[in-house]
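Residue-level structural notes
The chain contents come next:
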Amino acid sequence: MITLDEKPVAAQRSLLGRLELQPSDALLALIGLYAADPRAHKIDLGVGVYKDEAGHTPVFAAVKAAEAKLLAEQPTKAYVGPEGDVGFFAGLVPVVFGDSSLRARLAGLQTPGGTGALRLGAELIARNNPDAVVHVGGPTWPNHAPIFAAAGLPLRQHRHIDLSTQELCFDDILAALHGAVPGDAVLLHGCCHNPTGADFTVEQWEALGALMAKRGLLPFIDLAYQGLGDSMDDDAAGVRIVARHCPEMLVAYSCDKNFGLYRERVGALFLLTPDPQAAAVVQSNLLSLARANWSMPPDHGAAVVRLILEGADLRAQWLAEVDEVRSRIVAMRQGLAALDPALAFIARQKGMFSTLPLAPDQVKAMREDHAIYMAGSGRINIAGLTPAKLAPLAAAFAAVR
Ligand code: LMR
C-alpha cells in the first residue's frame, strides 16, 4: 500500500540517466561553423541548398505565386488524413513515372520530406521482412544509415565509386546484387548522386533493373534532385526503367531542391505493387505507419506544389526556374573543371554534389587555411559556387593536395 510518508526512491542521477551523449550531425554542424567564421572571403560548400549568383537561396517565384493563391483561397486548416494532400500525390505521379498508367498499381502518400519517405519505406520493408538487408553503394548520404537503422534494417555497403579515379565501380555493384538474398532491398540514388554526382547511364539502369527483377530484389530509389541533373524526364529515367523491369519498387521523393521548399518538409513515398489488390494492402500499412509516426504530414508546402502542378502557367514558370537552377550548376561544373585537369571529372558529374579526393586533414586545411567549408567526406555543394569563387576553390584544392 502506498502511504504519503513513504521515503523517496534512492537518489538517482536522472530518470533518463542511461542516455549517452550523441555527436551532433557533422553536416548540419557546418551551418553554425560557417556562420561563426568572421572571414569575409569564406565560401560555403556544405549543406545541400541551392544558391544564386548573389549567394542567396531564393524562394522560387512560382512558389511565391502559389503561396499568394493559397493564402487567398485556402478554405480551412482542418486536418488532412495520414495520406496528406492527395492532389499533391496524384500530381507528382506523372512527374516521376512519366504518365499515370501505373496509377492503379501504385500505393503511396505525402511525407515530411524525403527523409520521412525513406523512414516510412524502411519501416514498411521491416514490417514485411525484418531480416531484409539494404544494399547501397558507398559513399552515400550520411543520413541513410541512421534512417534505416532506426527502422531496424542494416545497411550493407559496396563501392559505388573509386574516388581516386572518379570512375563508377559498376562491377562491384553487380557483384553486390548477385550476392544479395532474394527479398533484400537495394537503395539507389535516382539521379544526381549524393555525395558524388556519379550517376548510372541508361544502359546501366537497364542492367540493374533486369538483375534486380531476376534476383527478386526490392529496389528503393531515393529521388531527391529531379531536374537538377539533365532534365526532369532524363533524371527520372532510372525510376521509369526499373518500374518496367521490377513488379515492386519504392521511390522516396523530395521537393526540397527542385521546388526550393527545404524547410517546409515536402516529400512523397511511392510503392509500385504487382496489382491493385496488393496496392490496397500496402496503402493500409503505409497509412497505419504514418499515423503512428507523425499522424499527418505538414500541409503548406505540399499544397503549394499541388497548385503549381495543377496550373499551366505556374507549372511553366516553375519548370523554367528549375532549368535556370540546373544551367547555373552545369556552368559552375564546367568552370571549375576547366581550371585544373585534376578537377576535370567535375564536368562529367551531375547535380549539386561532387566529392573531392581529400583526406579529413585536407578538408580541415581547406576550412582553416582557406575558409572553404565542405562536408568532412570532401563533398562540395556545386550550387554554392559563383564565378568569383571558382578560382579560390581551385587554388585551395591545389594547395592542400
Ligand atoms: C544534404 O545532403 O546536404 C542535404 O540533403 C541536406 C541534408 O539533410 O543532409
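All values derive from a computational prediction rather than experimental measurement.

Taken together, Leu27, Val47, Gly48, Trp141, Asn194, Tyr225, Lys257 and Arg379 form the complete shell of residues around the ligand. With respect to the ligand, the backbone of Gly48 contributes an N or O atom lying 2.7 Å from an oxygen atom. Between Trp141 and the ligand, the recorded distance is 3.0 Å, taken from a side-chain N or O atom to an oxygen atom. If the ligand stood free it would expose 260 Å²; the protein chains cover 78% of that surface. Here the shell around the ligand is composed, by residue class, of four nonpolar, two polar and two charged.

Running from amino to carboxyl end, helix α2 (residues 61-73) crosses helix α11 (residues 300-310) at an angle of 105 degrees, the nearest separation of the two axes being 9 Å. Considering their axes alone, α2 and α11 lie roughly perpendicular with respect to each other. Contacts between α2 and α11 involve Ala62, Val63, Ala66, Glu67, Lys69 and Leu70 on the former and, on the latter, His300, Ala303, Val304, Leu307 and Ile308.

This brings us to the domain arrangement of the chain. Domain annotation of the chain identifies domain 1 (23-59 + 315-400) and domain 2 (79-310). Listed as interface residues are 23 residues of domain 1 and, on the opposing side, 27 residues of domain 2. Both faces combined, the contact of domain 1 with domain 2 buries some 2,200 Å², and carbon together with sulfur accounts for 59% of it. Remark: the boundary between domain 1 and domain 2 carries one salt bridge. We note a salt bridge from Asp230 to Lys350, for which the minimum N-O separation is 3.0 Å.

This part is about the packing of aromatic side chains. Evaluated as defined, the whole model comprises eight aromatic pairs. Geometrically, the ring pair formed by Tyr34 and Tyr373 is edge-to-face, given 5.4 Å between the ring centres and 85 degrees between the ring planes. Taken together, the positions of Tyr34 in helix α1 (residues 26-36) and Tyr373 in strand β12 (residues 372-373) put the pair 339 residues apart, joining distant regions of the chain. Residue classification places Tyr373 among the buried positions, given a relative accessible area of 5%. Pairing Phe259 with Trp318 gives two aromatic rings, centres 4.2 Å apart and planes at 10 degrees, and the pair type is stacked. Separated by 59 residues along the polypeptide, Phe259 in the loop between β9 (249-254) and β10 (267-272) and Trp318 in helix α12 (residues 312-337) bring together distant segments of the chain. Overall, Trp318 belongs to the buried group, its relative accessible area being 1%. Among the aromatic residues, ring-to-ring pairing joins Phe89, Phe97 and Phe270 into one connected group. Sitting above the plane of the Tyr34 ring, Lys42 keeps its charged end 4.5 Å from the centroid. Positioned over the ring face of Phe353 is Arg379, at 3.7 Å from the centre of the ring.

Rules used in this analysis
- Residues numbered from 1 in each chain as written.
- Predicted model: local features only at pLDDT ≥ 70, side-chain atom pairs only at ≥ 80, totals over all residues.
- Heavy atoms only, no water.
- Near = heavy atom within 4 Å.
- Polar contact = N/O pair within 3.5 Å; in protein donor to acceptor, adjacent residues only side chain to side chain.
- Areas by Shrake-Rupley, 256 points an atom, 1.4 Å probe, with all protein chains shown as cover.
- Nonpolar A, V, L, I, M, F, W, Y, C, P; charged D, E, K, R; others polar.
- Axes fitted to C-alpha atoms, helices over the stretch in contact; angles between N-to-C directions.
- Helix = DSSP H or I, 4+ residues; strand = E, 2+ residues; numbered from the N terminus.
- Parallel < 35°, antiparallel > 145°, perpendicular 65-115°, else oblique.
- Contact = heavy atoms within 4.5 Å.
- Domains from an automatic or database assignment.
- Buried area = accessible area lost by both parts, 1.4 Å probe.
- Salt bridge = Lys/Arg side-chain N within 4 Å of Asp/Glu carboxyl O.
- Phe/Tyr/Trp six-rings, centres within 6.5 Å; stacked < 30°, edge-to-face > 60°.
- Buried < 20%, exposed > 50% of the residue type's maximum accessible area, 1.4 Å probe, protein only.
- Lys NZ or Arg CZ within 6 Å of the ring centre and 35° of its normal.

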